[in-house]
Structure formats: C-alpha cells, structure tokens
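Below, each chain spelled out in residue letters.
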Amino acid sequence: MAIEAIRIGAEGDKVIIAIKGRPALEIPWQHADQLWRAIRQKTIHAREHAQAAIIVADQATLLAAGVPVGLTGNPVLQREARKEAAHLLRPGFLNTKRTVEGIPSAAVVAQPTITVRPPRQGGSDAPG
Amino acid sequence: MATMVGSGNALFPISRNGFLVGTFDWDSDTWFCVFVDNSVDAQGGPQDDDDYLDDITAGAIVKSATESANRIASPVATDGDGVADGNDVTMTSVNNGGAAVESLLICREIGGDQTTPANDEMVVFIEDANGTMPVTPNGGDIEIQWDNGANKIFKL
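Report follows, based on the coordinates. (Residues numbered from 1 in each chain as written. Chains lettered and ligands numbered in written order. Predicted model: local features only at pLDDT ≥ 70, side-chain atom pairs only at ≥ 80, totals over all residues. Heavy atoms only, no water.)

1. Here's the deal with the overall build of chain A
If you tally the helices and strands in chain A, you get four helices and five strands. Listing every helix and strand of chain A by position from the N terminus yields β-β-β-α-α-α-α-β-β. A burial count over chain A gives 20% of its 128 residues as buried. Residue pairs in contact within chain A that sit at least 24 positions apart in sequence constitute 21% of those at least 6 positions apart. Here chain A has roughly 9400 Å² of accessible surface; of this, 58% comes from carbon and sulfur atoms. (Helix = DSSP H or I, 4+ residues; strand = E, 2+ residues; numbered from the N terminus. Buried < 20%, exposed > 50% of the residue type's maximum accessible area, 1.4 Å probe, protein only. Contact = heavy atoms within 4.5 Å. Areas by Shrake-Rupley, 256 points an atom, 1.4 Å probe, with all protein chains shown as cover.)

Shown next, in the form of structure tokens:
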C-alpha cells in the first residue's frame, strides 16, 4: 500500500488530505476529529477480522487461566473465546493434540532419590 | 499418543482429570510404586494416553513381591499448597534379572491389592531422580526417598 502518497496537513482551522500531491479532502478540524475516530474504530474492527483466530486463542488462554483481561470488545470473538476456553478446560483435553498448544500445566513432579541396597545375605547374622 | 520417556517427570493425564474432578483423593486413596523396564514394555515405556497399569507389559513391571512394601504410607496433601507428600518407600528384595529399570510410576491401588492392574490408574511418571535413575535391581531393597523440598512428591 503506497501510504507515502498520502499527505495530511493543516491550513488554518482545516485539515487537508492530499493524495499524490493534490488536495483530496479539506474539512474543518471538528470533522477531521470525527473522521479520525471513525477510522480508528474501523481499523480495530478490520484488525480483529484479520487476526480473529489469534485473538480468540489468546483470549481463550486468558479465560481458561482465570486472567480477567479482555483482548476484544467484539461479542462474536468473545463468544468464540469462551467456547475455546471451555474446550481447553474440559476433562480429557490433555489426551488430545491440543495439549501441545494449550496451557502448560503448572504441576511439578519432584525428583526422588533412588538407592539400591545390596542383597541380603542368608545367615549373614552369624558371627564370622 | 506420545511417549513420556525422555520428557521428564510428569503426571499422567488421567491423574490430572482424577484430581480435577475429585475421583482421586491423595489423603485417603492407596498409592503404590512400580518400576518399569522400558526395554521390555511393548510401547517402549509409558505413553501419555496410558491410563491403567495394564497398559504396561506385565513383564516390564518390576516391584517388591510384598505389596505393602510398594505402598506410599501416610500420603498427605498439604493444605493450601497442593503438594502431595508421603513416607519414603522401601521396596524389598527387588529383582529384574540383572536388567535396569528406567521409569518409576506411582499408581492408585483399587480393590485392596495390586493383582488387578487393569483397574489401577497410573498417576505419576518419574524418570529423573537426581541422577539415580535408571537403577539396576540386584535382589536387595530399593529405597525411594521423596524430595524434601517444596514439591515433595508432586505439586498440582
């Protein structure tokens, strides 16, 4: 995308958007402010669309871990994330391939110390 | 299915579920230890989808002939810590024909004895033991001393 072909400037109380050196839009600053907010909002929606799978997976991981942080305000993605979180937490999910991609378990199995004793000798109690 | 051999100590998925849904009670259930000769087991050692001890080839299971000697006495879940502890285990007169054993399992004993591996769940897999595994049983006793640090036998 040739974003460098777009120039944004200000002249007086107006904001001017020029494309390839030619003024394409000249609007009062109040309208420019509204436009900026609308572009920002639509950008978020577009990014969510493009990265929906990643956002759902990350949100599901947080939900399953009990972390109350929202990554999206999109109710559709939130619903998908809740379903994915339920999947992560369902009994038996560790038996599936998803184990590798799921939440690492915090369980720790410690290391014991194993000692092999020599065999008991029959009648060894007798004085030599 | 994936082998647990070479991946380090871990809980079996069936035991995670057991503790999660409350079918396992570390304080009151009976737990026992067995060694596994991975080279004899048909799968080359425990797999992560193994659930009961009969998933291990019978000839690969090595333990004391005296069942009580395989058990973890006084299992205790330390309140608030999620840590499983218990008395050290001394298996008596353990023999494997001079061959080494590479895995140590903790299983839940069902039915009052260890004669029915088909209903004894596999709970813990251990292959790292401070450099003391594998071991080669010689007919003498084998002592299993649990970690005295924060995690004891295991921590959920």
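2. Examining the interface of chain B and chain A
The partner chain A presents 21 residues to the 40 residues of chain B that form the contact. Carbon and sulfur atoms supply 56% of the area buried between chain B and chain A, which totals about 2400 Å² over both sides. Of all residues in chain B, R16(B), D141(B) and E143(B) bury the most surface against chain A, accounting for 21% of the area lost on that side. Across the contact surface, chain B and chain A share two salt bridges. Across the salt bridge formed by R117(A) and E143(B), the nearest N and O atoms sit 3.0 Å from each other. Summed over the shared surface of chain B and chain A, the result is 13 residue pairs in polar contact (both at pLDDT 80 or more). Of all the elements in the fold, those that place two or more residues in the side of chain B that touches chain A are strand 1 (10–11), helix 1 (13–21), strand 8 (122–126), strand 9 (142–145) and strand 10 (154–155) of chain B. (Buried area = accessible area lost by both parts, 1.4 Å probe. Salt bridge = Lys/Arg side-chain N within 4 Å of Asp/Glu carboxyl O. Polar contact = N/O pair within 3.5 Å; in protein donor to acceptor, adjacent residues only side chain to side chain.)

3. Concerning the pattern of salt bridges
Residue and element names in this part refer to chain B. This structure, assessed with the given rule, holds eight salt bridges over all chains. Here R108 and E121 are joined by a salt bridge, their closest N and O atoms 3.0 Å apart. Note that R108 is positioned in strand 7 (residues 103–109) and E121 in the loop between strand 7 and strand 8, a separation of 13 residues in sequence. No difference in accessibility class separates R108 from E121, as the two residues are buried. Connected through shared salt-bridge partners, D29, R108 and E121 make up one network.

4. Let's talk about helix 1 of chain B
All names here are of chain B. Among all positions in helix 1, only P13, S15, N17, G18 and F19 are buried. Check the buried side of helix 1 and you find it contacts strand 1, strand 2 (30–36), strand 8 and strand 10. Trailing helix 1 by a residue or two, G22 shows a phi angle of about 90°, which is positive.

5. A word on the sheet that holds strand 3 (residues 22–28) of chain A
Across a sheet, strands are paired by hydrogen bonds formed along the backbone, either parallel or antiparallel in direction. Residues and elements named next belong to chain A. Read from one edge to the other, the open sheet built from three strands follows the order 1-2-3, with strand pairing classed as antiparallel. The open sheet has two edge strands with one neighbour each: strand 1 (6–11) and strand 3. If you compare each strand with its neighbour and ignore which way they point, the axes differ by 25° on average. Where helix 1 (residues 29–50) meets the sheet, its contacts fall on strand 2 (14–19) and strand 3, and the angle it forms with strand 3 comes to roughly 100°. (Pairing = 2+ DSSP bridges. Axes fitted to C-alpha atoms, helices over the stretch in contact; angles between N-to-C directions.)

6. With respect to the packing of aromatic side chains
All names here are of chain B. Within this structure, the stated rule accounts for seven aromatic pairs over all chains. Between F12 and F125, the aromatic rings sit 6.5 Å apart at their centres with planes inclined by 80°, giving edge-to-face as the arrangement. Of the two residues, F12 sits in the loop between strand 1 and helix 1 while F125 sits in strand 8, which places them 113 residues apart along the sequence. Like F12, the residue F125 is buried in the burial classification. Taken together, a centroid distance of 5.1 Å and an interplanar angle of 85° make the contact between W26 and F154 edge-to-face. (Phe/Tyr/Trp six-rings, centres within 6.5 Å; stacked < 30°, edge-to-face > 60°.)

7. Comments concerning the sheet that holds strand 6 (residues 89–91) of chain B
Read from one edge to the other, the open sheet built from three strands follows the order 5(A)-9(B)-6(B), with strand pairing classed as antiparallel. This sheet does not close on itself; its edge strands, each paired only once, are strand 5 (113–116) of chain A together with strand 6 of chain B. Across the sheet, the mean angle separating the axes of adjacent strands is 15° when strand polarity is ignored. Where strand 6 of chain B and strand 9 of chain B come together, three bridges link them in antiparallel fashion. The residue bridging M91(B) from the neighbouring strand is I142(B), located in strand 9 of chain B.

8. Brief notes about the state of the cysteines
All names here are of chain B. Tallied over the entire structure, the rule returns zero disulfides over all chains. The cysteine C107 is free of any disulfide, with C33 supplying the nearest cysteine sulfur at 8.2 Å. The class of C107 is buried, set by a relative accessible area of 0%. (Disulfide = S-S within 2.5 Å.)

9. Here we look at the pairing of strand 3 of chain A
Residue and element names in this part refer to chain A. Here six bridges tie strand 2 to strand 3, and the two strands are oriented antiparallel to one another. Paired with K14 across the two strands is P28, which belongs to strand 3. Hairpin remark: strand 2 followed by strand 3, antiparallel, with two residues in the connecting loop; positive phi at K20, about 55°.

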